[in-house]
Structure formats: structure tokens, C-alpha cells
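Residue-level listing of the chains:
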Amino acid sequence: MSAHAGILRRYGAYLPITEATPLISLGEGDTPLVPSTRIARELGCAALYFKLEGCNPTGSFKDRGMVLAIAKALEEGSRAVLCASTGNTSAAAAAYAARANLEAVVLVPASYVALGKLAQAMIYGARVVVVDGNFDQALDIVRELAVRHPLTIVNSINPYRLEGQKTAAFEVCDVLGDAPHVLAIPVGNAGNITAYWRGFREYHALGRATRLPRMLGFEAAGAAPIVRGEVVRYPDTIATAIRIGNPASWQAAVQARDESGGVIDCVTDEEILEAYCLLASGEGIFAEPASAASVAGLRKLVREGRLDLRDQIAVCVLTGSGLKDPDRAMKVAASVIEVPPTASAVEAALGWR
Ligand code: F0G
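Residues numbered from 1 in each chain as written. Predicted model: local features only at pLDDT ≥ 70, side-chain atom pairs only at ≥ 80, totals over all residues. Heavy atoms only, no water.

**Q** Teacher, can you tell me more about the state of the cysteines here?
**A** Here is the idea: a disulfide is a covalent bond, and it sits between the sulfur atoms of two cysteines. Inspection of every chain in the model, using the stated rule, returns 0 disulfides. Cys277 takes part in no disulfide bond, and the closest cysteine sulfur to it belongs to Cys316, at a distance of 16 Å. We classify Cys277 as partly exposed; its relative accessible area is 31%. (Disulfide = S-S within 2.5 Å. Buried < 20%, exposed > 50% of the residue type's maximum accessible area, 1.4 Å probe, protein only.)

**Q** Even after reading the chapter, I still don't get the environment of Glu28, so can you show me in this structure?
**A** Examined against the element boundaries, Glu28 turns out to sit in the loop between helix H1 (7-10) and strand S1 (33-35). Separated by 156 residues in sequence, Glu28 and Ala184 place their C-alpha atoms 21 Å apart. Ignoring any residue separated from it by four or fewer positions in sequence, one finds Glu28 in contact with Gly6, Ile7, Asn56, Pro57, Asp63, Val67 and Tyr96. One polar contact links the side chain of Glu28 to the main-chain amide nitrogen of Ile7, over a distance of 3.1 Å. At a separation of 2.9 Å, a polar atom in the side chain of Glu28 contacts the main-chain amide nitrogen of Leu26. (Helix = DSSP H or I, 4+ residues; strand = E, 2+ residues; numbered from the N terminus. Contact = heavy atoms within 4.5 Å. Polar contact = N/O pair within 3.5 Å; in protein donor to acceptor, adjacent residues only side chain to side chain.)

**Q** What exactly am I supposed to notice about helix H13 (residues 289-303) here?
**A** Side chains that are three or four residues apart share a direction in an α-helix, a result of its 3.6 residues per turn. In a regular helix each residue adds 1.5 Å, so 15 residues correspond to 21 Å; H13 covers 20 Å between its end C-alpha atoms and thus fits that length. Most of H13 is tucked away: 13 of the 15 residues are buried. Gly305 occupies a position one or two residues after H13 and carries a positive phi of about 70°. (Expected span 1.5 Å × (residues − 1).)

**Q** Got a minute to help me understand a nonpolar patch on the surface in this structure?
**A** A cluster of nonpolar side chains, contributed by Ile337, Val339, Val346, Leu350 and Trp352, occupies part of the molecular surface with about 490 Å² of accessible area. Within the element layout of this structure, Val339 appears in the loop between helix H14 (326-332) and helix H15 (343-350). (Patch = residues over 30% accessible without salt bridge, like charges linked within 9 Å, V, L, I, M, F, W, Y side chains within 5 Å. Areas by Shrake-Rupley, 256 points an atom, 1.4 Å probe, with all protein chains shown as cover. Salt bridge = Lys/Arg side-chain N within 4 Å of Asp/Glu carboxyl O.)

**Q** How should the site of the ligand be read in this particular structure?
**A** With respect to spatial proximity, 20 residues lie near the ligand, and among them Ser85, Asn189, Ala190, Asn192 and Thr319 are the closest. Between a nitrogen atom of the ligand and a side-chain N or O atom of Lys62, the distance comes to 3.1 Å. A distance of 2.8 Å separates an oxygen atom of the ligand from a polar side-chain atom of Asn88. For the ligand, whose free accessible area comes to 470 Å², the fraction covered by protein is 98%. For the shell around the ligand, the secondary-structure elements that each account for two or more residues are helix H4 (88-100) and helix H9 (191-205). Considered class by class, the residues forming the shell around the ligand number 8 nonpolar, 10 polar and 2 charged. (Near = heavy atom within 4 Å. Nonpolar A, V, L, I, M, F, W, Y, C, P; charged D, E, K, R; others polar.)

Keep in mind that these numbers describe shape and distance, not what the molecule does.
Given below as C-alpha cells:
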């Protein structure tokens, strides 16, 4: 099978597809599992890997679920798809809808969608509606609209989304030869932690993995409904992808945590940004801030003595590319040096003479 056959061809046997399902693909899946150097040493674990989901065609893990949701929408004769999004879902929906010649309508919260994500939805040709509210409100509107209009919802309340997303857990097992001992993942609408857990359980049941990982999910401290045990009406965090106060897959995420003997905790924006910078300058990996929550969370649990990673294989899911949110990088990175166009001016600015 060619390397970029996509997840429908590669994992079709594990997915709810039929002979009538069009096997569309933009080359999603088969993302790198890159070993950590510095952070692994800091945490004292046997091995730490980063699952680089930013290497998917639209730069986030959303492509895995979207390719199946769009394929099923085509199979069912849908003409248009609809979603609410903090940005990545809308980028993926817009891209796969363009590929499948479907209309896409995306609702995004005003002021809190990273620039790259908005640009993607626009250039792929979706109709972008900016809602003067937050993600939770936009998702409520989507549910209401789908009752009155012939549209397919492609948020993760569409069951095909999580089915597609579970393939990331399959890939982790296929590459490692088994499941890791722990899996750290950011939590927003709580679909992805649910999908990974399903994937690990299915592979385990089929004998393709000998163990099940502990699922460690991390919300942002200002948007941590699961940790607090109540809806957060005004969620707030610089990790805009997970700025969510009432996750759709709340119960399923709690179940993944409990069944796996895991933890759902939260990390502050400061901890997220520290991990974000450390990943980039210490590992050469540019992930978006929400993705860095998985690394921030793992560091927090180890620092607080709540997690001992000796002899353990850990995987951190880095859900989206850092290029999605260039504004954040520009704000936190060291500034550039400007000089006149001579070698001596460059030398002087760099302190080389
Ligand atoms: N990381 C990134 C980069 C995301 O875009 C999201 C969710 C998450 C993590 C959290 O995943 O919702 O399954 O718990 N983004 C959604 C969106 C909400 O609209 O793009 P989750």
C-alpha cells in the first residue's frame, strides 16, 4: 500500500465503511512518531515520543475524522456540511468538502480563532460565519440549524469523526509494536481522548497490543470543565483550540480516564507557553499552543510526583502545527535584529567583532 493511501484504505477493515463509501483522501494519517531527546531526559522516562498530528494535510488531527465524516456524507447523498469550530475542525471540513465538491458552512467564535486556521477555511472555499460568542454557543447554534436545514453536522457529535480519529491510536501501536504505557493528550471538546481510548481498546481486544495505556488528558486551566466538574460559561485561555467550557464528549472522556486508570488535569497558560517554547527550541518541534498542553501536563504530573515514568514508554499527542497560530509565536519568541545591508553591520549586531 502506498505510504499516503489515507486512513480509509489503510484502516478500512476497522472503520464503518461499505462498498458504497468513496475512499477519498488528501493523504491524512501515517504521521511521524518522533522520539524526544531533552524532554524525555528531563522527565526521566524510558522513552517519550511525540505524535506529530500537525503533519496531516490541513495541519491537525482533525483530518482523520473529517475524511470519514465527509466520505459518509457523500455516501448518504448529502450536499452540504456544517460545523462549529475553534479553527482546526473548520479547516479540515473546508478542505475535505472542497475535495468532495460539497458545500461547507463553518461557524467560528469571534476573535479567538488563530489566523492560519481562518485563512484555511476561507481559501478552501467554505462559507465562514463569525459568531459573536464562544465555541459552546456556536455548537448550540449548529445543533439547532441542523434540525431545520438539510445539512450534515461534521463536529465530533457526528459518530464517524471519532471512528476516523481512533486510527491515530492504531498507528501508535503499529509503530511501537505495542501500546505505550501512558498517552498524554490535550482536551477541549473531549472527542480526541475518547477516540484514542476506543482505538487502543479495539487493538487490545484484537490482540494487536498487549497492554492499554493510562490516558492523561489536559485541559487549559481557564477552560477546565471536566477538572472542575461543572460547565465553564466564559472559558479563557491562550490555547484557543481548547477554549471550550462544555465539551460534547464529556462523559466519554471521564470514562476513558476511569477505565484506563488515568488522569484529567489542567495546565495554566504559563505552563502551556513554557512547553510550547521548550518543544520548539529544545526539540525542534513547532506545535500549536493547545498541543503543548499535553507536554505541559506530563511535566506537571512528574514535577508534582504524581507520575513516575521510569521504565515507561510515553506518547504525547501534538495535535496541530505551530504554523496555525503565527501570532502567538511572534509574541513569545525573541525579537529579530534589523541592520543595514552590510556584512559588518550583521557582524556588529551579532557581537562578532
Ligand atoms: N488540539 C487542537 C489543536 C485542537 O484543535 C483541538 C480541538 C484539541 C486539541 C482538542 O481536541 O476537542 O477532541 O478534545 N479543536 C476543535 C476545533 C474544538 O474546533 O478545531 P478535542
